[in-house]
Amino acid sequence: MEKSRPHVILSAAISIDGKIATRLGDSKLSSKKDKIRIHKLRSKVDAILVGKNTVQRDDPLLTVRYVKGKNPIRIILDSRGTINIDSKILQTSNKIPTIIAVSKKISKSNLKKLKKFPVEIIMTGENSVNIKSLMNHLSKRKIKNILVEGGGTVNWQFIHNDLFDEILIAISPFIIGGIDAITFVQGKGFDKIKKSPRLRLNTIKKLENYLILHYTKV
Ligand SMILES: NC(=O)c1ccc[n+]([C@@H]2O[C@H](COP(=O)([O-])OP(=O)(O)OC[C@H]3O[C@@H](n4cnc5c(N)ncnc54)[C@H](O)[C@@H]3O)[C@@H](O)[C@H]2O)c1
Ligand SMILES: Nc1nc(=O)c(N)c(NC[C@H](O)[C@H](O)[C@H](O)COP(=O)(O)O)[nH]1
């Protein structure tokens, strides 16, 4: 029987205090070697997924550049279709397959704007994108594995809905601090430790001053 969702790997670079960006959205935590590690990983997955805020803040390409390899399909969660038309994602959508996942709340004008680009639009969910049905849809499209590269709001949705299989964390040698800085997992958070998914620490690897932790679910 076909699996109802792809294999999901959550990945992030965090400061030693668990933040993924400063309060101003600066997230440049990875070193060159760490980027090479990430790009190797990108080249091995069918798709890479991020939330709209990450696109707005980082203006990422989400391609494989530090190593040779194929680019994964890019998937952006953007409920209302407010992604910037000048973003590298939209501007390179003629070269790299791109899916914009939107919800039924998207305005006609934003939908029209997105349709001007050669992107695939998947509409699911009332207010925000229904990631369970999105995963189901992607599975039918033969997307077998997805690298979720954040940000914190997206990570919470995947963790809270138990839609992940592995977590890769790069603890980077920085301290960010501050109550307004974004953490690896945002959202409401669990109120009891026992509600947190149980994780098994599989491997730890030192990469210069970085520590790469690989977890799977128990
Ligand atoms: N260090 C790292 O590894 C890393 C990785 C990724 C992002 N970041 C940083 O994280 C910050 C962005 O994180 P964030 O938490 O603000 O936003 P995010 O990137 O998680 O995007 C969240 C947005 O995605 C959209 N969305 C649509 N459907 C959704 C759904 N079902 N679940 C969740 N989101 C949905 C919504 O507009 C929502 O506001 C940026 O500053 C970025 O630089 C850091
Ligand atoms: N591993 C990792 N280390 C970081 O320091 C960082 N900021 C991210 N962030 C993930 C997010 O998806 C970013 O937007 C892309 O890492 C930028 O992607 P590009 O280089 O433009 O392809 N991820």
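About the criteria used
Residues numbered from 1 in each chain as written. Chains lettered and ligands numbered in written order. Predicted model: local features only at pLDDT ≥ 70, side-chain atom pairs only at ≥ 80, totals over all residues. Heavy atoms only, no water. UniProt positions renumbered as here; feature names shortened; annotations may be inferred. Core = buried A, V, L, I, M, F, W, Y, C linked by side-chain atoms within 4.5 Å. Buried < 20%, exposed > 50% of the residue type's maximum accessible area, 1.4 Å probe, protein only. Helix = DSSP H or I, 4+ residues; strand = E, 2+ residues; numbered from the N terminus. Contact = heavy atoms within 4.5 Å. Near = heavy atom within 4 Å. Polar contact = N/O pair within 3.5 Å; in protein donor to acceptor, adjacent residues only side chain to side chain. Areas by Shrake-Rupley, 256 points an atom, 1.4 Å probe, with all protein chains shown as cover. Arc of directions from axis to C-beta. Pairing = 2+ DSSP bridges. Axes fitted to C-alpha atoms, helices over the stretch in contact; angles between N-to-C directions.

- As annotated in an unreviewed UniProt entry, the protein chain is 2,5-diamino-6-(ribosylamino)-4(3H)-pyrimidinone 5'-phosphate reductase from Nitrosarchaeum koreense MY1.
- One UniProt comment on the protein chain, placed under Pathway (unreviewed entry), says "Cofactor biosynthesis; riboflavin biosynthesis."

Side note on the nonpolar core
Here is step 1: Counting 30 residues, the largest nonpolar core has Leu49, Ile75, Leu134, Leu138, Ile146 and Phe158 as its most contacted members.
Here is step 2: Of all the elements in the fold, those that place two or more residues in this core are strand E1 (7–14), strand E3 (47–51), strand E4 (73–77), strand E5 (98–102), helix H5 (131–140), strand E7 (145–148), helix H6 (152–160) and strand E8 (166–171).
Here is step 3: Those residues in contact with Leu49, other than ones at most four positions away along the chain, are Ile75, Leu77, Leu134, Met135, Ile146, Leu147, Val148, Glu149, Gly150, Val154 and Phe158.
Here is step 4: Formed by 26 residues, the second largest nonpolar core is a distinct cluster that contains Val45, Leu90, Ile106 and Leu168.

Thoughts on the site of ligand 2
Here is step 1: Among the 16 residues in the neighbourhood of ligand 2, the closest are listed as Ser27, Ser30, Arg42, Leu61 and Arg65.
Here is step 2: Here an oxygen atom of ligand 2 sits 2.9 Å away from a polar atom, N or O, in the side chain of Asp58.
Here is step 3: The separation between an oxygen atom of ligand 2 and a polar main-chain atom of Leu62 is 2.9 Å.
Here is step 4: Here ligand 2 has 510 Å² of accessible area as a free molecule, and 83% of this is covered by the chains.
Here is step 5: Among the secondary structure elements, those contributing two or more residues to the shell around ligand 2 are helix H1 (32–44) and helix H2 (52–58).

Focus on helix H4 (residues 108–115)
Here is step 1: By the burial criterion, the buried members of H4 are Asn110, Leu111, Lys113 and Leu114. Looking down the long axis of H4, one finds its buried residues gathered within 155° of arc, a one-sided arrangement. Away from its buried face, by an angle of more than 90 degrees, H4 presents the exposed residues Lys108, Ser109, Lys112 and Lys115.
Here is step 2: Close packing links the buried residues of H4 with helix H3 (88–91), E5 and strand E6 (120–123).

Some remarks on the sheet that holds strand E11 (residues 210–217)
Here is step 1: The nine strands lie next to each other as E6-E5-E4-E3-E7-E1-E8-E11-E10, forming an open sheet whose pairing is mixed. Looking at strand neighbours, the two that pair on one side only are E6 and strand E10 (199–207), the edges of this open sheet. Across the sheet, the mean angle from the axis of one strand to that of its neighbour is 20°, orientation sign disregarded.
Here is step 2: Two strands pair when backbone bridges link them, and E3 and E7 are joined in this way by three bridges, in the parallel orientation. Counted as the bridge partner of Leu49 is Val148 from E7.
Here is step 3: Across the sheet, H4 touches E5 and E6, and the angle it forms with E6 is around 150°.

A few points about the pairing of E7
Here is step 1: As defined by bridge partners, E1 adjoins E7 across four bridges and the pair is classed as parallel. Following the sheet pairing, Leu10 is matched in E7 by Val148.

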